Amino acid sequence: MELFRNEQILDFSQGANRDGIAHAIAALLDQGPEDVPLKIGGERVVTGRWIESRDPGDARRLLGRVARAGAPEALRAIAAADGAFRTWSRTPPADRSAVLHRAAAIIRRRRLELDALLMLEAGKVALEADGDLAEAIDFLEFYAREMLRYAGEQPLVKLAGEANALTYIPLGVGAVIPPWNFPLAILAGMTAAAVVTGNTVVLKPSSETPLIGWRLAEVLEEAGLPAGVVNFVPGSGSEIGDLIVQHPRIRFISFTGSKEVGLRINELAARTSEGQIWIKRVVAEMGGKDSIIVDADADITAAADGIVASAFGYQGQKCSACSRAIILDPVYDEVVRRVVAGAGALRVGPVEDPATRVGPVIGEGALRSISKYIEIGKGEGRLVAGGARAQGPGLDNGFFLEPTVFADVHPKARISQEEIFGPVLALIRARDFDQALAIANNTEFGLTAAVYSRSRAHLEKARVEFHAGNLYFNRKCTGALVGVHPFGGFNMSGTDSKAGGRDYLLLFLQAKLVSEKVLGPREVQ
Ligand code: NAP
């Protein structure tokens, strides 16, 4: 098998790719809204209740409706996954791994069609949509290979007279609960890791992006995944989430999303339900408040560019987004000037327009919550860019916000401490590098971070003292690549599962040791 390589993102400066995306968007819109069922035990199920999926760039545009699961469907899905576990858990790892390779191939084949849906359902510009898709392919390809490594012989110390073997076996039925912000990559990665290791899954996609979730369910089916291994049950997290998490047949929960929901899941999963015979395992990847430090001797052009790209790429709706830049006093004014210029130059607009850099935020709820933080920021810092809903042709019916920058923010201000999850950046002045590090470490989170510096001593100090799961030097803090930058955070950012890394599949496995005393030739049949 070929060595793993990251999938290249399409080059949208090429006319052919731009035309391809434009055609795919037109085809999606021509086809009109679609109705999508649940999938339980291979059966397509409708419930008569629907989750509507609308384009956040134009909320009048209905993209489709997805059947909404309630308690009865969630229970059926758990039962179907339980039933399928008996055979899927015994399916040879190489066969399970092959399903992931085939799924990756199908996604490559359907690339532009899936990119178009990512753009319209999640509000991503083409480059961000294709980045999401490429990461989904990477997860599939990487975990397919990783499974074979875990299935191979595991090194043990030899003991005379015994044949010892350690094998990794699956856990059981898992609940996979992804967020909307990487609706293909994270959903595919979490699902693929759970099933390639031999588990079966109840997959509850985010209610914001269920159509993309359905596409992955279709892709896995076409790739030959047997019925019941992945049961697709969109539904409101608050309606069916607790039921799934607390069910005694659920063996593990793989969650990515907000701190609040993650903590709730962790707490509920720790309670033992009637009939439950195991301790549930929880993998919870949660929010961030990610900082970039700019040292006095940094390349300030690179730093300002990195801050702007990390803060406003996908409208700041990445868990890895830079939401605080901590800048040393000697370069503070110049970096502020450049960041403000960079933010002001970003074109806000519909994602279909190739000139757009900043699209809509995911929905009305997000628009309201981010706007609330912008108002809070006006009392906590000096507004130097943005600060309002974006106006202009084509923006009236969508959830567009101006890239917003506050300068002179106090390190303990709310906009410096709480996850906003939108295009809002706080700039903080530090008198020296030690103070910058102390400020950077002063939140409850610890996900991504970056330092721009030319000082080896400062970089080495940050290497040890900057408490973040993914720390980058002299580059932006977004854009982790599968296999290259295994991803996961400290403290309230989660369980540091390091998705896309060599330890990840272990979270979905348990090790079994079989020790056999070597008998004489006539002692065993
Ligand atoms: P969210 O509101 O916590 O939702 C995440 C998922 O949990 C959704 O599928 C949601 O379903 C479901 N859910 C809600 N309530 C639930 C409950 N009581 N029980 C079980 N499931 C429940 O987060 P989000 O808004 O989708 O995503 C944004 C957050 O994710 C941010 O905080 C971001 O930092 C974080 N994130 C972290 C990482 C990471 O790797 N650390 C990566 C990406 C995103 P509904 O949609 O139906 O409510």
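Residues numbered from 1 in each chain as written. Predicted model: local features only at pLDDT ≥ 70, side-chain atom pairs only at ≥ 80, totals over all residues. Heavy atoms only, no water.

We now examine the packing of helix 6 (residues 185-196) against helix 7 (residues 210-222). Packed helices, taken two at a time, are described by the angle between their axes plus the distance between the axes. Where helix 6 meets helix 7, the axes come as close as 10 Å, and the angle between the chain directions of the two elements is 40°. In terms of orientation, helix 6 and helix 7 fall into the oblique class. As helix 6 packs across helix 7, the resulting crossing turns out to be right-handed. Here helix 6 contributes Leu187, Ala188 and Thr191 to the contact with helix 7, which in turn contributes Gly213, Leu216 and Leu220. (Axes fitted to C-alpha atoms, helices over the stretch in contact; angles between N-to-C directions. Helix = DSSP H or I, 4+ residues; strand = E, 2+ residues; numbered from the N terminus. Parallel < 35°, antiparallel > 145°, perpendicular 65-115°, else oblique. Left-handed = near helix turned anticlockwise from the far one by under 90°. Contact = heavy atoms within 4.5 Å.)

Turning our attention to the sheet that holds strand 15 (residues 404-407). Taking strand neighbours across the sheet as the criterion, the seven strands line up as 14-15-16-13-12-17-18 in an open arrangement whose pairing is mixed. Looking at which strands have only one partner, the edges of the open sheet turn out to be strand 14 (382-385) and strand 18 (470-473). Taking the axes of each pair of neighbouring strands and ignoring which way they run, one obtains an average angle of 20° across the sheet. In this sheet, strand 16 (residues 424-430) lies alongside strand 15 in parallel orientation, the contact comprising three bridges. Note that in strand 16 the partner of threonine 404 across the bridge is valine 424. Against the sheet, helix 10 (residues 300-312) touches strand 12 (290-294), strand 13 (322-328), strand 15, strand 16 and strand 17 (448-452), its axis set at about 170° to strand 12. (Pairing = 2+ DSSP bridges.)

The next thing to look at is the side chain of threonine 478. Looking at where threonine 478 falls in the secondary structure, it is placed in the loop between strand 18 and strand 19 (509-517). Here the side chain of threonine 478 touches lysine 476 through a polar contact of 3.4 Å, side chain to side chain. Threonine 478 has contacts with Ser310, Lys318, Ser320 and Ala321, leaving out every residue within four places of it along the chain. (Polar contact = N/O pair within 3.5 Å; in protein donor to acceptor, adjacent residues only side chain to side chain.)

Attention now moves to the packing of aromatic side chains. Throughout the structure, instances matching the rule amount to ten aromatic pairs. Seen from their ring centres, phenylalanine 4 and phenylalanine 142 are 5.3 Å apart, and the 75° between their planes marks the pair as edge-to-face. In this pair, phenylalanine 4 is assigned in the segment before helix 1 (15-31) and phenylalanine 142 in helix 5 (residues 126-151), connecting sequence segments 138 residues apart. Exposure remark for phenylalanine 142: the relative accessible area of 10% places this residue in the buried category. Note that arginine 65 overlies the ring of tryptophan 50, its terminal NZ or CZ placed 4.1 Å from the centroid. Between the NZ or CZ atom of lysine 124 and the centre of the ring of phenylalanine 182, over which it lies, the distance is 4.0 Å. (Phe/Tyr/Trp six-rings, centres within 6.5 Å; stacked < 30°, edge-to-face > 60°. Buried < 20%, exposed > 50% of the residue type's maximum accessible area, 1.4 Å probe, protein only. Lys NZ or Arg CZ within 6 Å of the ring centre and 35° of its normal.)

We now examine the domain arrangement of the protein chain. For the protein chain, the domain assignment lists domain 1 (39-53 + 63-286 + 496-511) and domain 2 (290-473). Look at where the C-alpha atoms of domain 1 and domain 2 centre, and you get two points 32 Å apart. Each partner contributes residues to the interface: domain 1 has 16 residues there, and domain 2 has 19 residues. Summing the contributions of domain 1 and of domain 2, the shared interface buries around 1400 Å²; its carbon and sulfur component is 63%. One can count two salt bridges joining domain 1 with domain 2. (Domains from an automatic or database assignment. Buried area = accessible area lost by both parts, 1.4 Å probe. Salt bridge = Lys/Arg side-chain N within 4 Å of Asp/Glu carboxyl O.)

All right, on to helix 9 (residues 259-270) then. Helix length check: helix 9, at twelve residues, gives a terminal C-alpha distance of 16 Å against a target of 16 Å (1.5 Å per residue), a fit within 8%. Inspection of helix 9 places Lys259, Gly262, Ile265, Leu268 and Ala269 among the buried residues, and these make up the whole buried set. At its buried positions, helix 9 is contacted by strand 7 (173-177), helix 8 (237-246), strand 10 (250-256) and strand 11 (281-285). (Expected span 1.5 Å × (residues − 1).)

You can see serine 320 is positioned in the loop between helix 10 and strand 13. Overall, the relative accessible area of 7% leaves serine 320 in the buried class. Taking the C-alpha atoms as reference, serine 320 lies 5.3 Å from threonine 478; in sequence the two are 158 residues apart. Contacts of serine 320, omitting those with residues within four sequence positions, involve Asp290, Thr448, Cys477, Thr478 and Phe487.

All right, on to the side chain of asparagine 199 then. Looking at the element boundaries, asparagine 199 is found in the loop between helix 6 and strand 8 (200-203). In this structure the side chain of asparagine 199 is engaged in a polar contact, spanning 3.0 Å, whose partner is the backbone oxygen of phenylalanine 508. The contact partners of asparagine 199, leaving out residues within four places of it in the chain, are Phe85, Trp88, Pro170, Leu171, Gly172, Ala194, Val229, Phe252 and Phe508.

Close contacts around the ligand come from 30 residues, with Pro178, Ser207, Ser258, Met286 and Glu419 the closest. Within the backbone of proline 178, a nitrogen or oxygen atom sits 2.9 Å from an oxygen atom of the ligand. In this structure, an oxygen atom belonging to the ligand sits 2.5 Å away from a side-chain N or O atom of serine 207. Considered on its own, the ligand offers 900 Å² of accessible surface; in the complex 87% of this is hidden by protein. Along the lines of polarity and charge, the residues of the shell around the ligand split into 14 nonpolar, eleven polar and five charged. Each of domain 1 (39-53 + 63-286 + 496-511) and domain 2 (290-473) contributes no fewer than three residues to the shell around the ligand. (Near = heavy atom within 4 Å. Areas by Shrake-Rupley, 256 points an atom, 1.4 Å probe, with all protein chains shown as cover. Nonpolar A, V, L, I, M, F, W, Y, C, P; charged D, E, K, R; others polar.)

Our next topic: the pattern of salt bridges. Tallied over the entire structure, the rule returns 40 salt bridges. Here glutamate 113 ties to arginine 215 by a salt bridge, and the two come within 3.4 Å at their closest N and O atoms. With glutamate 113 in helix 4 (residues 111-122) and arginine 215 in helix 7, this pair connects stretches of sequence that are 102 residues apart. Here arginine 215 falls in the buried class, since its relative accessible area comes to 5%. Note that aspartate 329 and arginine 429 form a salt bridge whose closest N and O atoms lie 2.7 Å from each other.

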